[in-house]
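Remarks on the overall topology
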Amino acid sequence: MTRLMLGRTLERICKAVLLLCLVHFLIMMILYFDVYSQRFDIFSRFNGRNFSRTHHYYNLSRPNGTFPTYLPAGDHFLPSTKPETNYTPTIKPLPPCPEVPPGLVGRLLIEFSSAMTLERVQKENPDVTNGGKYTPPDCKAKQKVAIIIPYRHRDHHLKYWLHYLHPILRRQKIDYGIFIINQYGEDTFNRAKLLNIGYTEVLKDAEYDCFIFSDVDLIPMDDRNLYHCYDQPRHFAIAMDKFGFRLPYAGYFGGVSGLSRVQFLKINGFPNEYWGWGGEDDDIYNRITLNGMKVSRPDVRIGRYRMIKHERDKHNEPNPQRFNKIQNTKASMKRDGINSLQYRVLEVTKYPLFTNITVEIGKPPPRPPRG
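Rules used throughout
Residues numbered from 1 in each chain as written. Predicted model: local features only at pLDDT ≥ 70, side-chain atom pairs only at ≥ 80, totals over all residues. Heavy atoms only, no water. Helix = DSSP H or I, 4+ residues; strand = E, 2+ residues; numbered from the N terminus. Buried < 20%, exposed > 50% of the residue type's maximum accessible area, 1.4 Å probe, protein only. Pairing = 2+ DSSP bridges. Phe/Tyr/Trp six-rings, centres within 6.5 Å; stacked < 30°, edge-to-face > 60°. pLDDT = per-residue confidence, 0-100. Contact = heavy atoms within 4.5 Å. Disulfide = S-S within 2.5 Å. Salt bridge = Lys/Arg side-chain N within 4 Å of Asp/Glu carboxyl O. Polar contact = N/O pair within 3.5 Å; in protein donor to acceptor, adjacent residues only side chain to side chain.

1. Some remarks on unusual backbone geometry
- In this model, Lys173 sits at a positive phi of 60°, which is unusual for a non-glycine residue.
- Residue placement: Lys173 occurs in the loop between helix 3 (155-171) and strand 3 (175-183).
- Its identity is not glycine, yet Asn268 carries a phi of approximately 60°, on the positive side.
- Relative to the helices and strands, Asn268 resides in the loop between helix 5 (261-266) and helix 6 (280-290).
- On the basis of relative accessible area, Asn268 is assigned to the buried category, the value being 11%.

This is the structure:
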């Protein structure tokens, strides 16, 4: 009797254990299939993306069956010219550069006593690309600015100009290129004609829409003097040290100025007939006012400049005809300007910090006899 009861008890325990194992097995199978289905779904989607990336001839993620541009092994894929659907993440466009960049420092200490080399300037400005180009990496500038310098035999000045201006322009978030327009030969210098040539030649390089015309011996003393174009033609160098940091006269437009493409063409560019020193700036001022525009200027506390002292260049003596020419701007500006420009390009060389354009501009006409 006792053995019979013990046998039944063991039988019940075995059945219970079997039933428990069966329930456990069923639960495990349910969980297994549920997890497997999820993993299979994830794997399928992942593998589909991987497959489309590693096999250039098949793309599961493109419903229209388009193909990415393919390069041989070892090269990178080029971006497709067709819009992506769910393949490549959208590149967020850069925000516009701020009107007042946050990195400006204001008043600057400008000195010319320390030795300067182009190698030093290049090391100080590693972000400047060949030809003297720079584009802000973190924002999109509103204008593309060409800085044009009329030039001859000013290597010493150019080193200081590049030393100071490259960092200033980068802090100002300017998308810019620097162009040296070098007059070939030893004939009489013609600043305004070189500026016209600069305007014409830089447009062969890129679609610039703002043009800053700067003498190579003038350094801004405040980086809040922003080098871009405004609604009206801009005069930047309004307070030079050689003039006691004052505007010498109301119509002065010399040193550093800026015009947009529209403004420049409206005045037919600059005069080509001012050979030697002086007069062309006043002629340009007359062109601006005669065409219904006004000259804009920064605050006198910001538009301060230091000039690198030097003797007047040879073959750049004062032009004795400049006063008569200034009085005739209204009559001459339609025929003398960008529409009458003649010159010959001898050489274009892109250096790490600037682009040099050497040009032959001809000779001045013979002066009329006195009397």
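The rest of the description comes next.
2. So, the sheet that holds strand 9 (residues 304-307)
- In spatial order, the strands read 5-9-7; together these three strands make up an open sheet with mixed pairing. For this open sheet the edge positions go to strand 5 (218-220) and strand 7 (239-240), each flanked by a neighbour on one side alone.

3. Remarks on the pairing of strand 4 (residues 210-214)
- The element strand 4 is extensively covered by neighbouring structure, given that five of its five residues are classed as buried.
- What you see with strand 4 is no split at all: Cys210, Ile212 and Ser214 on one side and Phe211 and Phe213 on the other are buried throughout.
- Note: strand 2 (residues 144-151) against strand 4, four bridges, orientation parallel. Residue Ile148 lies in a different strand from strand 4, and its bridge partner there is Phe213.

4. Concerning the packing of aromatic side chains
- Counting across every chain of the model gives 13 aromatic pairs.
- Ring plane angle 35° and centroid distance 5.8 Å describe the contact between Tyr134 and Tyr176, whose orientation is recorded as tilted. With Tyr134 in strand 1 (residues 133-134) and Tyr176 in strand 3, this pair connects stretches of sequence that are 42 residues apart. In this structure, Tyr134 and Tyr176 share a single accessibility class: buried.
- The interplanar angle of 25° and the centroid separation of 5.9 Å between the aromatic rings of Phe213 and Phe264 together place this pair among those described as stacked. Placement of Phe213 in strand 4 and of Phe264 in helix 5 is noted, with a sequence separation of 51 residues between them. For the pair formed by Phe213 and Phe264, the shared burial category is buried.
- Among the aromatic side chains, those forming a connected cluster through ring pairs are Tyr199, Phe211, Phe213, Phe264 and Phe270.

5. Some words on the confidence of the model for the protein
- Summing up the model confidence of the protein, the mean pLDDT is 83 and the portion of residues at 70 or higher is 77%.
- Low pLDDT, under 50, characterises residues 35-85; the predicted model gives this stretch 32 contacts beyond four residues in sequence or across chains.

6. A few points about the state of the cysteines
- In this structure the tally under the stated criterion is two disulfides.
- There is a disulfide in this structure between Cys97 and Cys139, and the S-S distance comes to 2.0 Å. Taking the sign of the torsion about the S-S bond as the criterion, the disulfide between Cys97 and Cys139, at about 85°, is right-handed. Within this pair, whereas Cys97 is found in the loop between helix 1 (2-54) and helix 2 (118-124), its partner Cys139 is found in the loop between strand 1 and strand 2, the two being separated by 42 residues in sequence.

7. Notes on the pattern of salt bridges
- Counted under the stated rule, the structure contains 20 salt bridges.
- With its nearest N and O atoms 3.6 Å apart, the salt bridge here joins Lys325 to Glu273. With a gap of 52 residues between them, Lys325 in helix 7 (residues 322-327) and Glu273 in the loop between helix 5 and helix 6 connect regions that are remote in the sequence.
- Measuring nitrogen to oxygen at the nearest pair gives 3.0 Å for the salt bridge that ties Glu273 to Arg335. One end of the pair, Glu273, is in the loop between helix 5 and helix 6; the other, Arg335, is in the loop between helix 8 (329-332) and strand 10 (344-350), with 62 residues separating them in the sequence.

8. Here we look at the environment of Asn182
- Tracing the sequence through the fold places Asn182 in strand 3.
- On the basis of relative accessible area, Asn182 is assigned to the buried category, the value being 17%.
- Those residues within four positions of Asn182 in sequence are excluded, and the remaining contacts are Tyr151, Arg152, Asn356, Ile357, Thr358 and Val359.
- Only 3.3 Å separates the side chain of Asn182 from the side chain of Thr358, close enough to count as a polar contact.

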